[in-house]
Amino acid sequence: MVTEQLVDLSRLQFAITALYHFLFVPLTIGMVWILVIMESVYVMTGKQIYKDMTRFWGKLFGINFALGVTTGITMEFQFGTNWAYYSHYVGDIFGAPLAIEGLMAFFLESTFIGLFFFGWDRLSRKQHLLVTILMAIGTNLSALWILIANGWMQSPVGAEFSYQTMRMEMVDFWAIVFNPDAQAKFVHTVSAGYVTGAMFVLSISAYYLLKGRDLAFAKRSFRIAAAFGFASALSVIVLGDESGYTVGEAQQTKLAAMEAMWETEPAPAGLKLIAGINEKEMKNDWEVEIPYALGLIGTRSLHHELPGIKDIMAENRKRIISGIEAVKALEAVRADAGNETAKATLERHMDDLGFGLLLRKYVTSMDDVTPEIIDKATADTIPRVTPMFWAFRVMVGLGFWMLLVFGAALYFSVKGNFAHKPWLLRAALFSLPAPWLACEVGWFVAEYGRQPWTIYGVLPTHLSVSTLSVESLYGSLAGFVGFYTLLLIVEMYLMIKFARTGPGSLGTGRYANEAAHA
């Protein structure tokens, strides 16, 4: 058996690299469509200022994209280095969308990014706009295939276990592609990226307006970001509701942990705004809730119950006991391929095989399982409630705050007096970190809430890791943290430098800070 320290370090390393990488991804996804909007206006009107806007914001987009690619490459290598058994067990399924992403989306995206930057004087206006649109499509397709892979980890459909190969094998590619969990995750994540890009442009434009420079440039950028951001923030909230519904369908454990719902409540369940969580006694000491809201979000009905954590644990305990029979039958079939009795037993208990594998954290043989060990494995099936509960509320709170900022920005943009509202401009400027915080805690909720599984209900995390030494993990973890921190410093330096310089960095002679940039 692998040690708990090895599993924890492997998880920590992947979590750190993923969270670092996701500092760059949302901005890339969101900025690219703002560039499409700006360049479309340039093509339609012929006004030079919109070309300058596209080129300047495109420069910041390019810096972010380059560093995002750098941080993303190492993540995929970790599937082979740190999660070798995971790659062996589900590689035929998980690897397919990642391969498509690399062969189709990433090459499309990378090719047209090159044309975007170097094609201004070589392509006509309409040709260059087409390049920008294709760059945006490539960026979003890249996110689509990655989230299809991640969605399958959350809700494994279109695959089944083969006792001959001891691996999961794909049986329905299109079920994986159109997995409701993956599709909901894609639209929600992409919309969050749009909010990030819009807030980035809105905040920096507000900075220029507060400084009283490049006003025509800043006003136009502010208006576009306000409109795009408001629509995107609404989409995040609406699509977040859909994502909550799919979680209620596929991962009731995660939903119960997010809501600190210890007991099964009469339908429709209330949505807790805040609560005093007592994990030791498995109850909330106090809570403030909105009646009926969670039931409507999680079930789309007034009559379907959502199970509480205690009932989920009782059901999981039954599945673990059933899983013991599945593991024993699998071992018998592996020892004797002609054992029809064992095959029949395995078939009856196959859906609970993953739950039986949870016990491998404590014993190597199912004959050594005791009721106390079953209790431990049952407790493992529930992630810690407190971080899930509050992280989710931080994400939602930030989402509504950004909707308020974008709403105010759009309202005063329509009225035409936003540049004379210092409070609004300061609110926009100080809201710059908000989308990144929301995205990071959102990913935490999605991934931590899946524990103790890498593939939900199929493959436990503790069985997924490679056979590595703890010392090597400490070394690679330190290396990744150091390298990624350096990249983040470079990103921040370049972004701050060019954002402060503003459109003067284009060297056109039409904007402030030209001499300073030269």
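Keep in mind the model is a prediction, meaning the values are calculated, not measured. (Residues numbered from 1 in each chain as written. Predicted model: local features only at pLDDT ≥ 70, side-chain atom pairs only at ≥ 80, totals over all residues. Heavy atoms only, no water.)

Novice: Before we move on, can you summarise the pattern of salt bridges with the specific residues and values?
Specialist: Per the counting criterion, the structure on display carries 15 salt bridges. In this structure, R393 engages E259 in a salt bridge whose closest nitrogen and oxygen atoms are separated by 2.7 Å. A residue pair is termed long-range when its members are at least 10 positions apart, and R393 in helix α15 (residues 385-415) and E259 in the loop between α9 (252-258) and β3 (271-278) qualify at 134 residues. Relative accessible area serves as the criterion here: at 2%, E259 is assigned to the buried category. With a shortest N-O distance of 2.8 Å, K310 and E263 are connected by a salt bridge. With K310 in helix α11 (residues 309-335) and E263 in the loop between α9 and β3, the pair connects residues that are 47 residues apart, well separated along the chain. (Salt bridge = Lys/Arg side-chain N within 4 Å of Asp/Glu carboxyl O. Helix = DSSP H or I, 4+ residues; strand = E, 2+ residues; numbered from the N terminus. Buried < 20%, exposed > 50% of the residue type's maximum accessible area, 1.4 Å probe, protein only.)

Novice: Outline the packing of helix α5 (residues 125-154) against helix α7 (residues 180-211), listing residues and values.
Specialist: The geometry of α5 relative to α7 is characterised by a closest axis approach of 8 Å and an angle of 135° between their N-to-C directions. Comparing their axes, α7 and α5 come out oblique. Crossing handedness for the pair α5 and α7: right-handed. Facing α5, whose interface residues are N140, A143, L144, L147, I148, N150, G151 and Q154, α7 presents D181, A182, Q183, K185, F186, T189, V190 and Y194. Residue composition of the contact of α5 with α7, grouped by class: 8 nonpolar, 6 polar and 2 charged. (Axes fitted to C-alpha atoms, helices over the stretch in contact; angles between N-to-C directions. Parallel < 35°, antiparallel > 145°, perpendicular 65-115°, else oblique. Left-handed = near helix turned anticlockwise from the far one by under 90°. Contact = heavy atoms within 4.5 Å. Nonpolar A, V, L, I, M, F, W, Y, C, P; charged D, E, K, R; others polar.)

Novice: Provide a residue-level description of the packing of aromatic side chains, including the pertinent values.
Specialist: Counted by the stated rule, this structure contains 30 aromatic pairs. On the basis of an interplanar angle of 65° and a centroid distance of 5.0 Å, the ring pair of F56 and W57 is categorised as edge-to-face. A relative accessible area of 0% places F56 in the buried class. In this structure W57 comes out as buried when scored by relative accessible area, which is 0%. Plain terms: the ring middles of Y411 and F412 are 5.0 Å apart, the flat faces sit at 80° to each other, and that makes the pair edge-to-face. According to the relative accessible area criterion, Y411 is partly exposed, its value standing at 47%. Three or more aromatic residues joined by ring pairs form one cluster here, namely F56, W57, F200, F217, W436 and Y511. A cation sits over an aromatic face here: K185 above W443, 5.5 Å from the ring centre. Here the guanidinium or amino end of K497 rests over the ring plane of F498, the centre of that ring lying 5.5 Å away. (Phe/Tyr/Trp six-rings, centres within 6.5 Å; stacked < 30°, edge-to-face > 60°. Lys NZ or Arg CZ within 6 Å of the ring centre and 35° of its normal.)

Novice: Explain helix α14 (residues 371-380) residue by residue, including any values.
Specialist: By the burial criterion, the buried members of α14 are I373, I374, A377 and T378. The arc that holds every buried residue of α14, seen down its axis, measures 145°, which confines them to one face. Residues of α14 that are buried sit in contact with α11. (Arc of directions from axis to C-beta.)

Novice: Explain unusual backbone geometry to me, and be specific about the residues and the numbers.
Specialist: The amide bond that connects A267 to the next residue, P268, takes the cis arrangement and shows omega of -5°. Position of P268 among the secondary structure elements: in the loop between α9 and β3. Cis rather than trans, the peptide bond between Q451 and P452 has omega equal to 20°. One non-glycine residue with positive phi stands out, namely M166, at about 60°. For M166, the location among the structural elements is in the loop between β1 (159-162) and β2 (167-170). Residue classification places M166 among the partly exposed residues on the basis of a relative accessible area of 21%. At A260, a position not held by glycine, the phi torsion is positive, near 50°. Looking at where A260 falls in the secondary structure, it is placed in the loop between α9 and β3. A relative accessible area of 0% places A260 in the buried class.

Novice: Residue-level account of the environment of M170, with values.
Specialist: Counting through the fold element by element, M170 comes out in strand β2. Measuring from C-alpha to C-alpha, the distance between M170 and E279 comes to 39 Å, with 109 residues separating the pair along the chain.

Novice: Outline the nonpolar core, supporting the account with residue identities and numerical values.
Specialist: In terms of nonpolar packing, the biggest core is built from 130 residues, with W57, Y86, Y89, F200, L202, F222 and L359 touching the most fellow members. Per element, the largest residue contribution to this core is 15 residues, and it comes from α7. By size, the runner-up hydrophobic cluster in this structure holds 26 residues, among which are V247, A256, I277 and V445. (Core = buried A, V, L, I, M, F, W, Y, C linked by side-chain atoms within 4.5 Å.)

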